[in-house]
Amino acid sequence: MFHSKSIAMKAAAVAFVTAIGFGNAEAADISGAGATFPYPIYAKWADAYKKETGIAVNYQSIGSGGGIKQIKARTVTFGASDAPLKAGELEKAGLVQFPMVIGGIVPVVNLKGIAPGRLAIDGETLAKIFMGEIRRWDDAALKKLNPGVDLPRQAIAIVHRSDGSGTTFNFTDYLSRVSRIWADEIGASTAVQWPAGIGAKGNEGVANMTSQTDGAIGYVEYAYAKQNKLTYMAMINKAGRKVAPTPEAFAAAAANADWEGTPGYAVILNDQPGDKSWPITAATFILMYKQPQDKAASAEATKFFAWAYRNGDRMAEELDYIPMPDSVVKLVEETWSSQIANK
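My aim in this report is to walk through the structure given alongside it, one point at a time. (Residues numbered from 1 in each chain as written. Predicted model: local features only at pLDDT ≥ 70, side-chain atom pairs only at ≥ 80, totals over all residues. Heavy atoms only, no water.)

Right, let's talk about the overall build of the chain for a bit. Counting its secondary structure elements, the chain contains 14 helices and 13 strands. Expected size for 343 residues packed as a compact globule is a radius of gyration near 20 Å; at 20 Å, the chain falls within 12% of this value. Principal axes of the C-alpha set define a box for the chain whose edges measure 65 × 45 × 35 Å. Going through the 343 residues of the chain one by one, you find that 57% of them count as buried. Pairs at least 24 apart in sequence give 77% of the contacts found in the chain among residues at least 6 apart. (Helix = DSSP H or I, 4+ residues; strand = E, 2+ residues; numbered from the N terminus. Rg over C-alpha atoms; globule rule 2.2 N^0.38 Å. Buried < 20%, exposed > 50% of the residue type's maximum accessible area, 1.4 Å probe, protein only. Contact = heavy atoms within 4.5 Å.)

Below is the structure:
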């Protein structure tokens with residue numbers, strides 16, 4: 001099932017960038033930690049920002065769970081999570097939460113001879129695979145969804161996250177919406193008791209492990225699928241339509257989001273209606289203190305995020321993320337002014 005170097009790759013995946021710095025960490029003016037989902041765009045923004053302003057950003061790509069822990073421990077200026085905190089938790093911790101970009105989470109596979117987007121899957125079948133109920137690629141349910149595709153009689157190797165993960169939260173939230181059994185027995189969380197599979201750390205680790213394991217299926221943010229040239233699956237959405245993971249499909253899923261009416265902007269974008277909507281779409285969020293201990297650092301962080309909102313849309317789109325609408329940016333900037341004491 002595994003390539004000869006899979007064990008080494010697994011170790012590399014687990015160790016892969018637990019503390020990635022943008023610029024010189026010792027001279028960094030802004031520190032943050034958390035989600036791996038937005039790491040590609042945060043890295044790109046930070047590189048451009050450093051060149052333009054001379055100010056460095058030190059961001060640890062450690063997973064949403066780690067980011068939430070670090071911001072609550074006040075070891076960083078901002079935390080990053082794809083699993084939004086609820087209003088009560090934000091209030092208790094004294095935190096402000098706001099969205100930065102939107103992206104898609106995609107099932108990815110390692111099957112010889114299968115091109116990206118060639119295989120399609122629906123939510124119920126995806127849940128059964130990750131529950132360990134569907135164990136071979138030539139299962140009748142997969143054949144029914146993919147007429148004309150020569151599916152191999154090969155075992156399915158499940159790859160999932162081993163760390164606290166906002167990507168996992170959104171993936172399992174989606175499975176909970178489309179499968180009652182998944183909702184009742186496993187549920188949605190940043191970390192769940194997986195019934196089957198191999199664990200890997202970060203989107204990076206899941207991408208690496210999937211690419212090195214014959215017959216594998218995993219789930220990653222779309223930028224990781226593209227960067228690692230992984231074979232992504234098409235999906236059957238809530239409207240019963242087969243859709244590919246594209247910026248247009250992610251934007252369609254976000255079209256009806258009620259950002260203003262949702263406390264902490266904690267909008268979940270999974271399983272949205274619409275013929276063009278991608279079923280597993282998510283925003284990624286920043287967490288900052290209302291009363292920061294280091295007001296200067298907090299002010300520098302909001303300057304960076306304001307710069308990213310103003311100048312970073314094209315960079316986000318190049319990586320297939322969806323920038324936040326101008327109307328949402330205006331709301332977020334009003335939140336900063338009224339709730340974050342940077343002076």
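Each α-helix turn comprises 3.6 residues. Residues three or four places apart therefore point the same way. Judged by how many residues are buried, helix α9 (residues 202-212) sits mostly within the fold: 10 of 11 residues are covered. Residues of α9 that are buried include every one of Gly202, Asn203, Glu204, Gly205, Val206, Ala207, Asn208, Met209, Thr210 and Gln212, and no others.

As a further point, take the sheet that holds strand β11 (residues 242-243). Strand order across the open sheet formed by 3 strands is β5-β10-β11, with mixed pairing between neighbours. Edge positions in the sheet fall to β5 (120-121) and β11, since each has one partner strand and no second. The pairing of β5 with strand β10 (residues 234-236) spans 2 bridges and is parallel. What sits directly across from Ala120, in β10, is Ala234. (Pairing = 2+ DSSP bridges.)

With that settled, the discussion passes to the packing of aromatic side chains. Enumeration according to the criterion identifies 21 aromatic pairs in this entry. Their ring planes at 25° and their centres at 6.0 Å tell us that Tyr309 and Trp336 sit as a pair that is stacked. One end of the pair, Tyr309, is in helix α12 (residues 295-311); the other, Trp336, is in helix α14 (residues 326-339), with 27 residues separating them in the sequence. We note that Tyr309, like Trp336, is buried. Among the aromatic side chains, those forming a connected cluster through ring pairs are Tyr42, Trp45, Tyr49, Tyr59, Phe78, Phe98, Phe304, Phe305, Trp307, Tyr309 and Trp336. (Phe/Tyr/Trp six-rings, centres within 6.5 Å; stacked < 30°, edge-to-face > 60°.)

Another aspect to go through is the packing of α12 against α14. Helix packing geometry: the angle between the two helix axes and the distance between the axes. Packing of α12 against α14 leaves a shortest axis separation of 11 Å and a crossing angle of 170°. Here α12 is positioned roughly antiparallel relative to α14, judged by the angle of their axes. Residues Thr302, Phe305, Ala306 and Tyr309 of α12 touch α14, and the partners they reach there are Val329, Val332, Glu333 and Trp336. Residues belonging to the contact of α12 with α14 are distributed by class as follows: 6 nonpolar, 1 polar and 1 charged. (Axes fitted to C-alpha atoms, helices over the stretch in contact; angles between N-to-C directions. Parallel < 35°, antiparallel > 145°, perpendicular 65-115°, else oblique. Nonpolar A, V, L, I, M, F, W, Y, C, P; charged D, E, K, R; others polar.)

Along the chain, Gly88 turns up in helix α4 (residues 87-93). Look at Gly88 and you get exposed, because its relative accessible area is 51%. When the C-alpha positions of Gly88 and Gly264 are compared, they lie 9.7 Å apart, and in sequence the two are 176 residues distant.

For the largest pocket, the calculated volume is near 340 Å³. Every residue lining the largest pocket is counted, 16 residues in all, and those nearest its centre are Ala83, Pro84, Leu85, Phe169 and Thr190. When residues of the lining of the largest pocket are assigned to their parent elements, the largest contribution, 4 residues, is made by helix α3 (residues 64-72). Broken down by class, the residue content of the lining of the largest pocket amounts to 8 nonpolar, 4 polar and 4 charged. Its volume calculated, the second largest pocket comes out at about 210 Å³. Breaking the lining of the second largest pocket down by element, the ones donating at least two residues are α4, β4 (95-109) and α14. Counted by class, the lining of the second largest pocket contains 8 nonpolar, 5 polar and 3 charged residues. (1 Å grid on protein atoms, 1.4 Å probe; cavity = no way out; pocket = protein on both sides within 12 Å on 5 of 7 lines; lining within 4 Å. Points joined across faces, edges and corners; volume = space filled by probe spheres on them.)

Positive phi outside glycine occurs at Tyr265, with the angle close to 55°. Inspection of the secondary structure puts Tyr265 in the loop between α11 (247-254) and β12 (281-289). Positive phi, normally seen in glycine, also occurs at Asp271, with a value near 50°. The exposure class assigned to Asp271 is buried, which follows from its relative accessible area of 14%.

So, on to the packing of helix α2 (residues 39-53) against α12. With their axes 11 Å apart at the nearest point, α2 and α12 run at an angle of 105° to one another. One way to sum up the angle between α2 and α12 is to call them roughly perpendicular. On α12, the residues that touch Trp45, Ala46, Ala48, Tyr49 and Glu52 of α2 are Glu300, Lys303, Phe304, Trp307 and Ala308. Along the lines of polarity and charge, the residues of the contact of α2 with α12 split into 7 nonpolar, no polar and 3 charged.

Turning next to the pairing of strand β2 (residues 57-61). In terms of burial, β2 is a largely internal element, 5 of the 5 residues being buried. Where strand β1 (residues 30-34) meets β2, 5 bridges bridge the pair, whose relative direction is parallel. Across the sheet, Gly34 pairs through a bridge with Ser61, a residue of β2. In this fold, the crossover linking β1 to β2 by way of α2 has right-handed handedness. (Right-handed = clockwise from strand over helix to strand, strands pointing away.)

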